[in-house]
Amino acid sequence: MKISKPLICACILFTTVLNLSCEAKSNVEPSLQEKYGADTDYFVGLKALQEKDNKAALKFFNKAISHGSKYVSRRSLEQKILLGNIQQQIEGAKEYLQKYNDDAGLLFACKIFYDSKENASIIESTNAVDISTCPNELAKMRISALHDKADSRLNETTCGWFLSRKISPEHIEFYYDNLSEVQSDNENIISMLKVIKFRVLAAEKNFSDAYNLIEEIKTIFLEQRLIPLTYQIVADIGRTYYATSMKYSENAKFFLELSESDLAINPKIKYYSLIYAGRLYNKSGVYLTKAETAFTDALNCAPNDEDYDMALWFLLNSRLSGSTEKCISTLEEFCGNWKNPYYFTDILDNLSLLLFTSAKWESFSRVYKILDGHADNATTSRFAYLTGKLIQQKLLKGTKEEMNAAFTKAYELNAGTDVYYRLLAAKQLGLSKAEIERTIFSSTVAESAKNDYEAEKLLTGYADFGFEELIYPEWTYFYTLNNNIFGIEAVCYVAKFLRSCGNSENNNFYKSLHMVTKTTNLDNSRLSREVFELSYPKNFGKEIAAACKEFEVEEYDMLGLIRTESFFNPIVESHAGALGLSQLMGSTFADCAERLKIENPDITDPMTNIRLGTYYYSDLVKRLNNSDILALFAYNAGITRVRRWLKSSKVGLGILKNLPSDLFLETIPFAETRNYGRKVISSAAIYAWLYYEKNPCDVIDEMM
């Protein structure tokens, strides 16, 4: 009866609400009504909510529930439920679960139950969930409800949640709020609490304290067997040994014995035991053969594709540390079997570095041929380009035809908006700006069958009706479920809207950029000028232009630098403590501010941060013989390191002359700095191409 009361009121006020509804609908452009049809009611309902006209909103949501598309109908029902009083929300959530009983539906309903302290409803609704795979927030609510109701399943469920999956922030928060001070006389509970504490310590990387618990943990699982062993426990013991103990052989033998025990009937336990045996043998630097045997055994018993790739990664990494030839032979044997080529990009980058530093030029051509058709396109493009460049520099034997064929292959491989090696190859092939645009902007890839038109309609509706705050959460929700659900056209549409809403006070610039790049960072992405403009936007353009004019820096250089450093997020902080759009360390920022006589500077103020970042970059260019590329490396890693790298690149390679800049980049010992250089250079070239009518190849010449 309580639920019917507002509906009765709605009937009494039918004429008023109808007039409100008609008035609200009349404010919608006819083109939008035609585009969204029955879904229009949902968006108009949201508008009514903004205007605090809940009665009109309810009217529209009811219509959208009945006649809207599937996602609009669901969101409308959620909004309707949230409009009710507490009891109506509870009853509405129960009815909602009868229709939408997936993880997202359970989360929505249980949040209502949780806020209303309806513990019985939480427990009943989540009885069938798998505590090892459901959303952590949902598991946390179930366990809290079991605790409050003193349910007999509490200990088993808590133990299952903490032992069967990766420790999350929700686990850690729950532990310190509810478990860290618990006392008990029950031996099983004491054991469970010790195991949970061990897992939390390992997750927090407090390995020294975790190490002190290992012998007790091993006793609980291997001798007393009070709690079933899980592969997560095996991995945590392995991570702790790897981080703290130098008893490599002894600890590795423990894992080998575990892999042969009756507990290894669980394939995941066997697999992770072999992985950590291999890792510990490998870390010793002495037992490399034993390490590779363990990794090979893990490869052969990998429970799934992801585990197969991980075992192969460790095997390749181990062989790379011993011999580039062994690593290449392993690549030749296994690269046709790996499941996710992107998993191996760092290994192949390190292989390239070691081939350079050991001057094994002939191996580049071999690796290129091995990887062609198996590695991701950006990596294949790299080895193809370097093969051609080494032939050009007469460091590798080859004909002019072989050189041009390698450059052509590097250019033709579509790696989404990762175009660094494509542009280097275009420069070597002498391609014009028009030729580059014609090739790269060619939409040769069809929309995926996985694209969901109704999901796209919901997302673009938020843009068309002006709900900027709903776009990114909705995109994140759907992208997490299926990263092919949105086509690039729909993503560009909403990203353009978000960008138009961006300013120095919000992070819409970042959200817009993140959405587009996540959609286009895979091989064979559909590319167009619009995709590139949204991937390389001129955010904070006025501030950047003013700073570049003051310090005589090309605008496209700073645009490329800032995009790479912060993705145009003015409040981002790096793991090292660098802040703001141009990611300056506090000491560097203060020093630059003092030189420019700026009083009380704010490092998070976009204009100030951009100005000082531009000044700092221009100063590095002057100190490094007007070299843009060396200044970029110094900006990332420090000027002292760059000068040291310049000397070592000649001595180590036995080359008496300076390496060309594109090859020098490949010799830098820090992977982060190598990737940074590639990103900034290609970004600057793209900015110059898109907004300054320059051939990107000419900009690469300028910078390198």
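What you see is a predicted model, and the numbers here were worked out from it, not measured in a lab.

Peer 1: Residue-level account of the packing of aromatic side chains, with values.
Peer 2: Counting across every chain of the model gives 49 aromatic pairs. Aromatic side chains Phe254 and Phe255 sit 5.0 Å apart centroid to centroid with 65° between the ring planes, which places their arrangement in the edge-to-face category. For the pair shown, Phe254 and Phe255 are each scored as buried. Geometrically, the ring pair formed by Tyr536 and Tyr687 is edge-to-face, given 5.8 Å between the ring centres and 85° between the ring planes. With Tyr536 in the loop between α32 (529–535) and α33 (541–551) and Tyr687 in helix α40 (residues 671–691), this pair connects stretches of sequence that are 151 residues apart. By relative accessible area, which is 3% here, Tyr536 ends up buried.

Peer 1: Give a detailed account of empty space enclosed by the protein, specifying residues and quantitative values.
Peer 2: Summed over the entire model, instances satisfying the criterion amount to two cavities of 30 Å³ or more. Elements that contribute at least two residues to the lining of the largest cavity include exactly α15 (214–223), α16 (231–244) and α17 (248–259). The residue inventory of the lining of the largest cavity, partitioned by class, reads 10 nonpolar, no polar and one charged. Approximately 40 Å³ is the volume attributed to the second largest cavity. Residue lining of the second largest cavity: Trp475, Tyr479, Asn482, Asn483, Asn484, Ile485, Phe486, Val491 and Thr519, and that is the complete set. Residues belonging to the lining of the second largest cavity are distributed by class as follows: five nonpolar, four polar and no charged.

Peer 1: Can you lay out the packing of helix α6 (residues 70–83) against helix α8 (residues 103–115) for me, pointing to particular residues and giving the numbers?
Peer 2: Helix packing for two helices is described by the angle between their axes and how far apart those axes are. One can describe the packing of α6 onto α8 by two numbers: an axis separation of 12 Å at closest approach and a directional angle of 5°. Looking at the two axes, α6 sits roughly parallel to α8. Each of Arg74, Glu78, Ile81 and Leu82 in α6 lies in contact with α8, whose residues at this interface are Ala104, Gly105, Phe108 and Ile112. Class assignment for the residues of the contact of α6 with α8 results in five nonpolar, one polar and two charged.

Peer 1: For the packing of helix α13 (residues 187–203) against α15, give the residues involved together with the corresponding values.
Peer 2: Here α13 crosses α15 at 130°, and the two axes come no closer than 10 Å. In terms of their interaxial angle, α13 and α15 are classed as oblique. The two elements α13 and α15 cross, and the hand of that crossing is left-handed. Of the residues in α15, those in contact with Ser191, Lys194, Val195 and Phe198 of α13 are Ile214, Glu216, Ile217, Ile220 and Phe221.

Conventions adopted
Residues numbered from 1 in each chain as written. Predicted model: local features only at pLDDT ≥ 70, side-chain atom pairs only at ≥ 80, totals over all residues. Heavy atoms only, no water. Phe/Tyr/Trp six-rings, centres within 6.5 Å; stacked < 30°, edge-to-face > 60°. Buried < 20%, exposed > 50% of the residue type's maximum accessible area, 1.4 Å probe, protein only. Helix = DSSP H or I, 4+ residues; strand = E, 2+ residues; numbered from the N terminus. 1 Å grid on protein atoms, 1.4 Å probe; cavity = no way out; pocket = protein on both sides within 12 Å on 5 of 7 lines; lining within 4 Å. Points joined across faces, edges and corners; volume = space filled by probe spheres on them. Nonpolar A, V, L, I, M, F, W, Y, C, P; charged D, E, K, R; others polar. Axes fitted to C-alpha atoms, helices over the stretch in contact; angles between N-to-C directions. Parallel < 35°, antiparallel > 145°, perpendicular 65-115°, else oblique. Contact = heavy atoms within 4.5 Å. Left-handed = near helix turned anticlockwise from the far one by under 90°.

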